[in-house]
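One-letter residues, chain by chain:
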Amino acid sequence: MKKKLAIAGSAVVAVVLLSGFAFRGAHGHCPNPERIKQVVTWKLNDRLDDLDATDAQRESIHAVKDRLFTEGVQLAEEQHATRSEVVSQLESDKPDAQALHALVDARIEALRAFAHKATDAVLEVHGTLTPEQRKALASEYKERTGLE
């Protein structure tokens, strides 16, 4: 059971971390977060269809997705503000090293906090799924990552 939780947790954290990059988009362009949310919802619905999720499971899991997505958008917006501050610092004749290090520390801490929330979300979703559904997800994850 702990192994399955670890696998599921790793998967969500990886998706969350990669999603942060998705907000950036190609060539630094920031796509519409609502469009990204729409695509994530479509993919999630496809996966829930594959798992034969009940209406109650779908409602619960979508609530988790919406909550994490909102926090992810906020994290991306904060990252954009941080980039602006970094550029301002680097454009100055004498960048403030202490301020730049503080920005790095703040971003790492924000990402760490978000990763913990994502882990809690995985545990919440885990409790929503049946043992058979969890097994199906773990098997698919193993196949995709070459763990089998």
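Details of the structure are given in the entry above.
Residues numbered from 1 in each chain as written. Predicted model: local features only at pLDDT ≥ 70, side-chain atom pairs only at ≥ 80, totals over all residues. Heavy atoms only, no water.

**Thoughts on the overall build of the protein chain**
Next, step 1: When helices and strands are counted, the protein chain shows five helices and zero strands.
Next, step 2: Buried positions account for 28% of the 148 residues belonging to the protein chain.
Next, step 3: Long-range contacts, defined here as pairs at least 24 residues apart, represent 66% of the contacts in the protein chain between residues at least 6 apart.
Next, step 4: Summing over all exposed atoms, the protein chain offers an accessible surface of approximately 10,000 Å²; the carbon and sulfur share of this is 58%. (Helix = DSSP H or I, 4+ residues; strand = E, 2+ residues; numbered from the N terminus. Buried < 20%, exposed > 50% of the residue type's maximum accessible area, 1.4 Å probe, protein only. Contact = heavy atoms within 4.5 Å. Areas by Shrake-Rupley, 256 points an atom, 1.4 Å probe, with all protein chains shown as cover.)

**Considerations on unusual backbone geometry**
Next, step 1: Positive phi is not limited to glycine here, since aspartate 52 has a value of about 55°.
Next, step 2: For aspartate 52, a relative accessible area of 65% corresponds to the exposed category.

**As for the side chain of lysine 65**
Next, step 1: Looking at the element boundaries, lysine 65 is found in helix 3 (residues 55-91).
Next, step 2: Ignoring anything within four residues of it in the chain, the contact list for lysine 65 reads Lys37, Val40, Thr41 and Leu44.

**Focus on the pattern of salt bridges**
Next, step 1: Evaluation of the coordinates by the stated rule reveals 10 salt bridges.
Next, step 2: With a shortest N-O distance of 3.5 Å, lysine 37 and aspartate 66 are connected by a salt bridge. One end of the pair, lysine 37, is in helix 2 (residues 33-50); the other, aspartate 66, is in helix 3, with 29 residues separating them in the sequence.
Next, step 3: Look at aspartate 66 and you get partly exposed, because its relative accessible area is 28%. (Salt bridge = Lys/Arg side-chain N within 4 Å of Asp/Glu carboxyl O.)

**Some thoughts on the packing of helix 2 against helix 3**
How two helices pack is summed up by the angle between their axes together with the distance between the axes.
Next, step 1: It is at 11 Å that the axes of helix 2 and helix 3 come closest, and there the two elements cross at 150°. The angle between the axes of helix 2 and helix 3 places the two elements in the roughly antiparallel class. Crossing geometry of helix 2 relative to helix 3 is assigned as right-handed. Between helix 2, through Pro33, Ile36, Lys37, Val40, Thr41, Leu44, Asn45, Leu48 and Asp49, and helix 3, the contact on the second element is made entirely by Arg58, Ile61, His62, Lys65, Asp66, Phe69 and Val73. (Axes fitted to C-alpha atoms, helices over the stretch in contact; angles between N-to-C directions. Parallel < 35°, antiparallel > 145°, perpendicular 65-115°, else oblique. Left-handed = near helix turned anticlockwise from the far one by under 90°.)

**Let's talk about the nonpolar core**
Next, step 1: By size, the foremost hydrophobic cluster in this structure holds 13 residues, and its most contacted members are Leu48, Ile61, Val64, Leu68 and Val125.
Next, step 2: If you list the elements that add at least two residues to this core, you get helix 2, helix 3 and helix 4 (97-128).
Next, step 3: Here this core takes five residues from helix 4, the largest share from any one element. (Core = buried A, V, L, I, M, F, W, Y, C linked by side-chain atoms within 4.5 Å.)

**A look at the side chain of arginine 58**
Next, step 1: Among the secondary structure elements, arginine 58 is positioned in helix 3.
Next, step 2: With near-sequence residues (within four places) excluded, arginine 58 lies in contact with Asn45, Leu48, Asp49 and Ala53.

**Looking at the environment of valine 104**
Next, step 1: Its location among the elements puts valine 104 in helix 4.
Next, step 2: Between the alpha carbons of valine 104 and valine 86 there is a distance of 9.7 Å; along the sequence they are 18 residues apart.

**Observations concerning the packing of helix 3 against helix 4**
Next, step 1: Where helix 3 contacts helix 4, the two axes come as close as 11 Å, and the packing angle between them is 175°. When the interaxial angle is binned, helix 3 and helix 4 end up roughly antiparallel.
Next, step 2: Residues of the contact of helix 3 with helix 4, tallied by class, amount to 15 nonpolar, seven polar and seven charged. (Nonpolar A, V, L, I, M, F, W, Y, C, P; charged D, E, K, R; others polar.)

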